[in-house]
Amino acid sequence: MSDSGSASLVSGDVRTHNLSLLMRRLVDAGPSARSDLASATGLARGSVTALVGVLIEAGLVRETEVVPGEGAGRPRTLLSIAADSVALLALQLDADQAIAVAHDLDGTELLRVAEHHGRPMGDPEAVIDVAARVLGSALDDLEAGGRRVAGLTVVVFAPVGEEPRVVVADTDLGWGRVDVLAGLRALEPRLPRSATLTSDVIAAALAEASLIDDVTDLLYLKSNSGIGGAIISGGVLVEGRHHLAGALGHIAVDYDGALCDCGQRGCLVTVAGPDVVLERAGLADVLQHDGLTRALELLVERVHTGDEEATAAFVAAADWVARAIAIVRMTLDPQIILLGGYWAELSDLIGAPAAQRMRLAAYGSELAPPPVVAGTLGADAAILGALWRLRADLLADPLALSA
Ligand SMILES: [Zn+2]
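Conventions adopted
Residues numbered from 1 in each chain as written. Predicted model: local features only at pLDDT ≥ 70, side-chain atom pairs only at ≥ 80, totals over all residues. Heavy atoms only, no water. UniProt positions renumbered as here; feature names shortened; annotations may be inferred. Core = buried A, V, L, I, M, F, W, Y, C linked by side-chain atoms within 4.5 Å. Buried < 20%, exposed > 50% of the residue type's maximum accessible area, 1.4 Å probe, protein only. Helix = DSSP H or I, 4+ residues; strand = E, 2+ residues; numbered from the N terminus. Contact = heavy atoms within 4.5 Å. Pairing = 2+ DSSP bridges. Axes fitted to C-alpha atoms, helices over the stretch in contact; angles between N-to-C directions. Donors = N, O, S within 2.8 Å, 3.2 Å for Na, K, Ca; no water. Tetrahedral: all angles 85-135°; square planar, octahedral: opposite > 155°, others 65-115°.

The name given to the protein in an unreviewed UniProt entry is NagC family transcriptional regulator, with the source organism recorded as Leifsonia poae. Quoted verbatim from the Sequence similarities (unreviewed entry) field of UniProt, the annotation for the protein is "Belongs to the ROK (NagC/XylR) family."

Printed below as a string of structure tokens:
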């Protein structure tokens, strides 16, 4: 790289950093005059004026009111985040429905649109069709309210990889490799160019992890659309060569068990996946007619009220989950094991056999097994993770998502 090339790269980075400083200050301190911003950030008054001009142009900041100056000083114009002119949008596809949720820059929920897709197996077009309608409806509402989408993330139930991002593999809905963003864009051309694709389990794991202090090594395991996992090791998300790291639904635990769609025998999902548990709990009809979300709600309700069939079905599955946890604990040595999806609501029934199995390890007497705890964000964990990430990205690089 030439000297001039590296110089412009550096100055671009500095500009981004300074734009980020100003945005963060306005978010933290509320409406502020240019002179306040200059003294709070240490930037020169002239730089602040120029950078604020860029942020106003991008629709992220606006002049709000003129207040009298202090003493004999001139009146000052206050600036604030243009919170009511932009929106952050997450569009989630799960095994049941497509759902769009939009947030204000301060985290207030602006809208929620959802439509069931009826779980068509092996037919990604049918699911993307529903997702495009939900997206279109959300974009219509935001436009009608005078809001521009400052960032959009599409969250899917399957592992995501490649660049640009695609679904790399899936067994929950019988997809292979699927370019979800291209499919959506073909049906809904307003999909922003900066839109990204992420897997629900990673978005949910990062959101839940962000609420726990001082955790650098975490295993996240969840079940709703199938079974998924995410691994944070040494503070870093472990994705693996093919973005399959943490796909713990396909750890083979029952070596001579049923053939899994992935090609192995006895994967965790074949003995503890939602379809198996719901079938054994006598809820297969509910799954078929009212969808996965409703069927799992009923399962949890029945286990909590002591229904024998439901409890036996879940306890049997929980022991397989415990075996998988014991295997992965010795692989990763996590500080904490966090449960998400409907497992969060039945975490004691997984935590007890998991603790039992982990204590069998030879180090058991010396090193206590990591606690198995319930995530706290519920069904919205992945959507919140995506929206929080968009907000953090927007504050870190205010112009990156405007494309
Ligand atoms: Zn499998």
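## Section: the nonpolar core
One finds Leu268, Leu299, Phe314, Tyr342 and Trp343 to be the most contacted residues of the largest nonpolar core, which totals 48 residues. If one sorts the elements of this core by residue count, helix 11 (residues 308–332) sits on top with 12 residues. The contact partners of Phe314, leaving out residues within four places of it in the chain, are Val277, Val303, Tyr342, Trp343, Leu346, Leu349 and Ile350. Within the second largest apolar cluster, 47 residues are counted, among which are Val155, Ile202, Ile336 and Leu377.

## Regarding the sheet that holds strand 15 (residues 372–374)
Spatially, 5 strands are ordered 13-12-11-14-15 in an open sheet, and the strand pairing comes out mixed. Both edges of this open sheet fall to strand 13 (236–238) and strand 15, since each of them pairs with a single strand only. Strand-to-strand twist in this sheet, taken as the mean axis angle between neighbours without regard to direction, amounts to 25°. Pairing geometry for strand 12 (residues 226–233) and strand 13, over 3 bridges, is antiparallel. Of the residues in strand 13, the one forming a bridge with Ile231 is Val238. Against the sheet, helix 12 (residues 347–359) touches strand 14 (336–341) and strand 15, its axis set at about 170° to strand 15.

## Remarks on the coordination of the zinc ion
Only His250 (ND1), Cys260 (SG), Cys262 (SG) and Cys267 (SG) from the protein reach the zinc ion as donors, at distances of 2.0 to 2.3 Å. Coordination at the zinc ion comes from 4 donor atoms whose angles at the metal span 104 to 118°, giving a geometry best classed as tetrahedral. Classification of Cys267 as buried rests on a relative accessible area of 0%.

## Topic: the pairing of strand 6 (residues 109–116)
Relative to strand 6, strand 5 (residues 97–103) is paired through 7 bridges, and the arrangement is antiparallel. Residue pairing for strand 6: Ala102 is matched across the bridge by Leu111. Counted along the chain from strand 5 to the antiparallel partner strand 6, the turn is 5 residues long, and its residue Gly107 has a positive phi close to 90°.

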